[in-house]
Amino acid sequence: MAPPPPSIEEEPPQQQQQQHETSAVSDNNTRSSAVSKVFARLPSLPNASTSINNTSTCLGRLSNPFVDACLLDRYNAHLESNPVLTKALTAATVLRNAPAANNDNTCTTAAAAGGRRRGRVDWLEVFAFALHGGLLNGPIGHYWFEWLETNGPKSKSKSMLIDQLCVQPPLLFVMFVFLDMTKAAVREVQPSCARTLSTIGPTIVSSWRFWPLAVWATFKLLKKKHYTVALNLCSIAWTVYLSKGKKQ
């Protein structure tokens with residue numbers, strides 16, 4: 001008769017439960033380590049509480065419907081980083097509205113008098129004011145007030161008198177001359193284009209008799225730093241030649 005197979009001793013239930021818990025803890029530790037390595041490779045993110053606080057502050061400033069505080073902060077930042085360009089663009093944007101404001105006042109007066117006058121914006125004047133603001137008013141104002149703040153009197157009243165008596169009258173004169181010249185120049189664009197188209201062909205042919213040789217000799221005989229001066233002198237000779245041709 002064959003001997004009975006050896007009996008396999010079963011582990012107590014408590015020991016089996018401890019092994020399962022140990023295995024589960026090991027698996028969790030492995031997963032946590034893997035997740036930690038993944039997040040360690042990610043770029044650091046800003047503090048969430050700081051972002052929320054900044055957003056809340058910005059939204060709180062917007063409680064006033066007439067002032068966009070966040071936009072004002074960005075504008076002030078541009079004033080610090082690039083003051084001349086920012087002030088030039090500001091002057092161009094603000095001063096372009098001057099003709100429209102004057103037009104509204106005229107229309108209001110006409111309406112009060114019982115007239116039926118429909119206002120029209122003079123876009124040429126709007127362009128002239130914007131150009132003056134961007135090219136002259138903004139940059140000149142920046143450098144003038146910087147100089148006055150540094151070298152002028154400490155008294156604000158005296159600084160105001162210097163500005164109004166010594167600087168503003170010449171600037172007003174320059175403004176009116178600039179506006180008139182700009183509007184006259186723009187009005188002459190179309191006639192000038194017509195005149196140019198009628199004479200550009202013969203002028204180009206005549207220029208080929210003079211400028212190729214002048215430019216070649218300049219490049220061949222002179223240094224690069226002298227190119228501009230030499231070609232300017234050639235331009236004088238070329239202008240004299242053209243004027244004689246027109247007289248003939």
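Note that the structure is predicted; figures quoted are calculated from it, not measured.

Novice: It is not clear to me how the overall build of the protein chain should be interpreted in this structure. Could you clarify?
Specialist: Secondary structure assignment for the protein chain yields 10 helices and zero strands. Each helix and strand of the protein chain, ordered N terminal to C terminal, gives the series α-α-α-α-α-α-α-α-α-α. Among the 248 residues that make up the protein chain, the fraction classed as buried is 16%. At a minimum sequence separation of 6, the contacts of the protein chain that also span at least 24 residues come to 61%. Of the roughly 20200 Å² that the protein chain leaves accessible, carbon and sulfur atoms contribute 63%.

Novice: So what exactly am I meant to see when it comes to the layout of surface pockets here?
Specialist: A probe as big as a water molecule, rolled over the atoms, marks out the empty space that is left. Here the second largest pocket defines a volume of roughly 200 Å³. In this structure, the second largest pocket is lined by His-132, Leu-136, Asn-137, Ile-140, Gly-141, Trp-144, Phe-145, Gln-168, Leu-171, Leu-172, Val-174 and Met-175. Contributing elements (two or more residues each) for the lining of the second largest pocket: helix 6 (123-151) and helix 7 (156-187). It is helix 6 that contributes the most residues to the lining of the second largest pocket, seven residues altogether. Classifying every residue of the lining of the second largest pocket by side-chain character gives eight nonpolar, four polar and no charged.

Novice: Honestly, the packing of helix 7 against helix 8 (residues 189-207) in this entry has me stumped. Any pointers?
Specialist: Where helix 7 meets helix 8, the axes come as close as 4 Å, and the angle between the chain directions of the two elements is 45°. The angle between the axes of helix 7 and helix 8 places the two elements in the oblique class. Contacts between helix 7 and helix 8 involve Ala-185, Val-186 and Arg-187 from the first element and Val-189, Gln-190 and Pro-191 from the second.

Novice: Sorry if this is basic, but what is going on with the environment of Asn-76 here?
Specialist: Note that Asn-76 resides in helix 3 (residues 69-81). Here the alpha-carbon distance between Asn-76 and Thr-86, two residues 10 residues apart in the chain, equals 9.5 Å.

Novice: How do you make sense of helix 4 (residues 83-95) when you look at a structure like this?
Specialist: Residues spaced three or four apart along an α-helix face the same direction, because each turn holds 3.6 residues. Taking 1.5 Å of rise per residue, 13 residues should cover 18 Å, and helix 4 covers 18 Å from first to last C-alpha, within 8% of that figure. For helix 4, the set of buried residues is Thr-86, Ala-88, Ala-91 and Ala-92.

Novice: For this particular structure, what's the right way to read the confidence of the model for the protein chain?
Specialist: When pLDDT is averaged across the protein chain, the result is 76; 62% of the residues are at 70 or more. Note that pLDDT drops below 50 for residues 42-52; the model gives that stretch one contact with residues more than four away or on any other chain. Scored below 50 in pLDDT, residues 105-113 shows four contacts in the model against residues more than four places distant or in partner chains.

Novice: Help me understand a nonpolar patch on the surface, please; the structure alone is not making it clear to me.
Specialist: Among the surface-exposed residues, Leu-197, Ile-200, Ile-204, Val-205 and Trp-208 lie close enough to one another that they form a single nonpolar patch of about 520 Å² accessible area. Within the secondary structure, Ile-200 is located in helix 8. The exposure class of Ile-200 is partly exposed, given its relative accessible area of 36%.

Novice: Sorry if this is basic, but what is going on with helix 7 here?
Specialist: Look at helix 7: 43 Å from first C-alpha to last across 32 residues, which is about the 46 Å you get at 1.5 Å a residue. Of all the bends found along helix 7, the most pronounced is centred on Val-167 and spans about 45°, while Pro-169, a proline, follows it within four residues. Within the sequence span of helix 7, burial applies to Ser-159, Asp-163, Val-167, Met-175, Phe-178, Leu-179, Thr-182 and Lys-183.

Novice: Honestly, the pattern of salt bridges in this entry has me stumped. Any pointers?
Specialist: Pairing is possible between side chains that carry opposite charge, provided their charged atoms lie close to one another. Applying the stated criterion to the full structure yields two salt bridges. Glu-149 is the partner of Lys-156 in a salt bridge, and the nearest nitrogen-oxygen pair spans 3.6 Å. For Lys-156, a relative accessible area of 58% corresponds to the exposed category. Residue Glu-149 is classed as exposed on the basis of its relative accessible area, which comes to 56%. With a closest N to O distance of 3.6 Å, Glu-188 and Arg-195 form a salt bridge.

Novice: What's the story with the packing of aromatic side chains in this structure? I'm lost.
Specialist: Within a pair of aromatic rings, the relevant descriptors are the distance that separates the centres and the angle that separates the planes. Per the stated rule, a full pass over the model turns up six aromatic pairs. An angle of 45° between the planes, with centres 4.9 Å apart, marks the rings of Phe-219 and Tyr-227 as tilted. For Tyr-227, a relative accessible area of 21% translates into the label partly exposed. Among the aromatic side chains, those forming a connected cluster through ring pairs are Phe-210, Trp-211, Trp-238 and Tyr-241.

The rules behind each value
- Residues numbered from 1 in each chain as written.
- Predicted model: local features only at pLDDT ≥ 70, side-chain atom pairs only at ≥ 80, totals over all residues.
- Heavy atoms only, no water.
- Helix = DSSP H or I, 4+ residues; strand = E, 2+ residues; numbered from the N terminus.
- Buried < 20%, exposed > 50% of the residue type's maximum accessible area, 1.4 Å probe, protein only.
- Contact = heavy atoms within 4.5 Å.
- Areas by Shrake-Rupley, 256 points an atom, 1.4 Å probe, with all protein chains shown as cover.
- 1 Å grid on protein atoms, 1.4 Å probe; cavity = no way out; pocket = protein on both sides within 12 Å on 5 of 7 lines; lining within 4 Å.
- Points joined across faces, edges and corners; volume = space filled by probe spheres on them.
- Nonpolar A, V, L, I, M, F, W, Y, C, P; charged D, E, K, R; others polar.
- Axes fitted to C-alpha atoms, helices over the stretch in contact; angles between N-to-C directions.
- Parallel < 35°, antiparallel > 145°, perpendicular 65-115°, else oblique.
- Expected span 1.5 Å × (residues − 1).
- pLDDT = per-residue confidence, 0-100.
- Patch = residues over 30% accessible without salt bridge, like charges linked within 9 Å, V, L, I, M, F, W, Y side chains within 5 Å.
- Salt bridge = Lys/Arg side-chain N within 4 Å of Asp/Glu carboxyl O.
- Bend = angle between axes of the 7 residues up to and from the residue.
- Phe/Tyr/Trp six-rings, centres within 6.5 Å; stacked < 30°, edge-to-face > 60°.

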